[in-house]
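Residue-level structure breakdown
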Amino acid sequence: MLTEKYNQLTSILREMESVVVAFSGGVDSTFLLKAAVDTLGTDHVLAVTADSETYPSSELKEAIVLAEKIGVKHQVIETSELAIPGYSENNKNRCYFCKSSLFDHLLPVLEEKGFQNVVYGVIADDMNEHRPGMKAAKEKGIRGPLLEANLFKEEIRELSRKYDLPTWDKPSFACLSSRIAYGEYITKEKLTKVEKAEAYLKSLKIRQVRVRTHEDIARIEVEPEDMKTVLENHDAIVKELQDYGYKYITLDLIGYQSGSMNKVLTT
C-alpha cells in the first residue's frame, strides 16, 4: 500500500514536469522536496523558504542544511506576515492570510524561473483539521502532491526514514503565531517571547513543546513523559519565562496537542 502511494506521488510529480516547493524544513515539505528531486531531477526543482517573524531562526538554519543535503537549489525570500492586512488581528482565518501572501510571493518566482507548478506540504491528515490555508491554495492554483497521493503523517515519516531523511522523527512544527490565542493581537514582541521560551525548554532536552500564550499566561504543552522534566526544573523555568515577560507559568496536564488552540473555534 505504501509503495503504491509513493508511486502515485512520483506519477503526480512527473506530470507536473517542474516545481517550486514551499519548503519550511518540516517533516512534510522535506519529504516532498526529496521526492520531487528524485523524480524530476535537480534542474526541475527549486526549494523556496520564506524567512519571516513567525519562523524561528533555528528552523531557517535547519532548512538551509536540509536543502544542501538533498542537493537542490534553494532560495530564501523575506516575507512579513505582520504586514498582511487582517493577519495581526488573529481571527480564525489567520492562516488564510498567511498562505495567500506566501503563494503571492512564490508565483513570481515560478514565472521568473519558468517552472510549471508551485507545490506545498499539505497532507491527508490536514483534511480533518482547521486549515484555512487550503482555501488560499485552491484559489491560487497551488498543488499539494502529498495530499493528492493520500499520504498521512505516519506514512511520510516511514518513507522519510526509508530514504534516509533526518526529519523522519522530527517533532511537528507550526508557525509561532499558532501559539497565540485567537483574538489576541499578534506582535513581533509576542512572537519573540514564544520563540525564546520554547528554545529554553528545548535546551532541557524536551523535544516536542508548545508555549501557548494567553495574554500574560504561558501554557506549556509537552508530551506526558516530559512533564517530569518540567516539574524538576520548575524554578528555573518560571524565572526564565518571567524574564521574557510572562507573569503566570502553567503546565497543561493534557499534554502536547497539535492545533490545541483550535478547540475554541466554532463553525
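Residues numbered from 1 in each chain as written. Predicted model: local features only at pLDDT ≥ 70, side-chain atom pairs only at ≥ 80, totals over all residues. Heavy atoms only, no water.

As named in an unreviewed UniProt entry, the chain is NAD/GMP synthase domain-containing protein, taken from Peribacillus huizhouensis.

Let's shift gears to the overall build of the chain. Tallying secondary structure elements over the chain gives 10 helices and 7 strands in all. In terms of overall dimensions, the chain has a C-alpha envelope of 55 × 40 × 35 Å along the principal axes. By residue count, 49% of the 267 residues in the chain fall in the buried class. If the 35 positive side-chain charges of the chain are averaged to one point and the 42 negative ones to another, these points end up 1 Å apart. (Helix = DSSP H or I, 4+ residues; strand = E, 2+ residues; numbered from the N terminus. Buried < 20%, exposed > 50% of the residue type's maximum accessible area, 1.4 Å probe, protein only. Lys, Arg positive; Asp, Glu negative; His and termini not counted. Charge placed at Lys NZ, Arg CZ, Asp CG, Glu CD.)

On to the side chain of Asp51. Following the sequence through the fold, Asp51 ends up in strand E2 (residues 45-51). Buried within the structure, Asp51 lacks any salt-bridge partner; Lys188 is the closest side chain of opposite charge, at an N-O distance of 8.1 Å. For Asp51, the contacting residues outside a window of four places in its chain are Leu60, Val76, Ile77, Glu78 and Thr79. (Salt bridge = Lys/Arg side-chain N within 4 Å of Asp/Glu carboxyl O. Contact = heavy atoms within 4.5 Å.)

Attention shifts here to the pattern of salt bridges. A full pass over the atoms with the stated rule returns 17 salt bridges. A salt bridge links Glu198 to Arg179; the nearest nitrogen and oxygen atoms lie 2.6 Å apart. Here Glu198, found in helix H8 (residues 188-202), pairs with Arg179, found in the loop between helix H7 (153-162) and H8; they are 19 residues apart in sequence, far enough to count as distant. Note on Glu198: relative accessible area 3%, which makes it buried. Its relative accessible area of 0% is what places Arg179 among the buried residues. Taking the shortest distance from any N to any O, the salt bridge between Glu221 and Arg219 comes out at 2.7 Å. For Glu221, a relative accessible area of 0% corresponds to the buried category. One network of salt bridges, in which partners are shared, links Arg212, Arg219, Glu221 and Asp252.

Right, let's talk about the packing of aromatic side chains for a bit. Ring pairs (aromatic) are described by centroid distance and by the angle formed between their planes. Throughout the structure, instances matching the rule amount to 4 aromatic pairs. Measuring from centroid to centroid gives 5.9 Å for Tyr96 and Phe97, while their planes differ by 75°, and the two rings are edge-to-face. Relative accessible area serves as the criterion here: at 23%, Phe97 is assigned to the partly exposed category. The cationic tip of Lys135 hangs over the ring face of Tyr96; the distance from NZ or CZ to the ring centre is 5.5 Å. Sitting over the face of the ring of Tyr246, Lys193 holds its NZ or CZ atom 4.4 Å from the ring centroid. (Phe/Tyr/Trp six-rings, centres within 6.5 Å; stacked < 30°, edge-to-face > 60°. Lys NZ or Arg CZ within 6 Å of the ring centre and 35° of its normal.)

Taken in spatial order, the 4 strands make up an open sheet running E3-E2-E1-E4, and their pairing is parallel. Strand pairing shows two members of the sheet lacking a second neighbour, strand E3 (73-78) and strand E4 (117-119), which therefore form its edges. This sheet shows a mean twist of 25° between the axes of neighbouring strands, independent of strand direction. Examined bridge by bridge, E2 and E3 share 6 bridges and lie parallel to one another. Considered in E3, the bridge of Thr49 is made with Val76. Packed onto the sheet, helix H3 (residues 57-70) meets E2 and E3 and runs at close to 160° relative to E3. (Pairing = 2+ DSSP bridges. Axes fitted to C-alpha atoms, helices over the stretch in contact; angles between N-to-C directions.)

In this section: the nonpolar core. Counting 34 residues, the largest nonpolar core has Leu9, Phe31, Val45 and Leu151 as the members making the most contacts within it. Taken together, the elements giving at least two residues each to this core come down to helix H1 (2-16), strand E1 (19-22), helix H2 (27-40), E2, H3 and H7. With 8 residues, H2 is the single largest residue contributor to this core. Leave out the neighbours within four places in its chain, and Leu9 touches Phe31, Ala35, Pro145, Leu146, Ala149 and Leu151. Grouped together as the second largest cluster of nonpolar side chains are 22 residues, Tyr87, Leu201, Val211 and Met227 included. (Core = buried A, V, L, I, M, F, W, Y, C linked by side-chain atoms within 4.5 Å.)

The subject of this paragraph is the UniProt feature "domain: NAD/GMP synthase" (unreviewed entry) in the chain. The sites that carry the UniProt feature "domain: NAD/GMP synthase" (unreviewed entry) are, in the present numbering, residues 15-81. With 45% helix and 25% strand, the stretch residues 15-81 has end C-alpha atoms that lie 32 Å from each other. (UniProt positions renumbered as here; feature names shortened; annotations may be inferred.)

Between its first and last C-alpha atoms H2 spans 20 Å; for 14 residues at 1.5 Å apiece the expected length is 20 Å, and the two agree. For H2, the buried fraction is high: 13 of the 14 residues fall into the buried class. Backbone geometry just downstream of H2 places Gly41 in the positive-phi region, at approximately 90°. (Expected span 1.5 Å × (residues − 1).)

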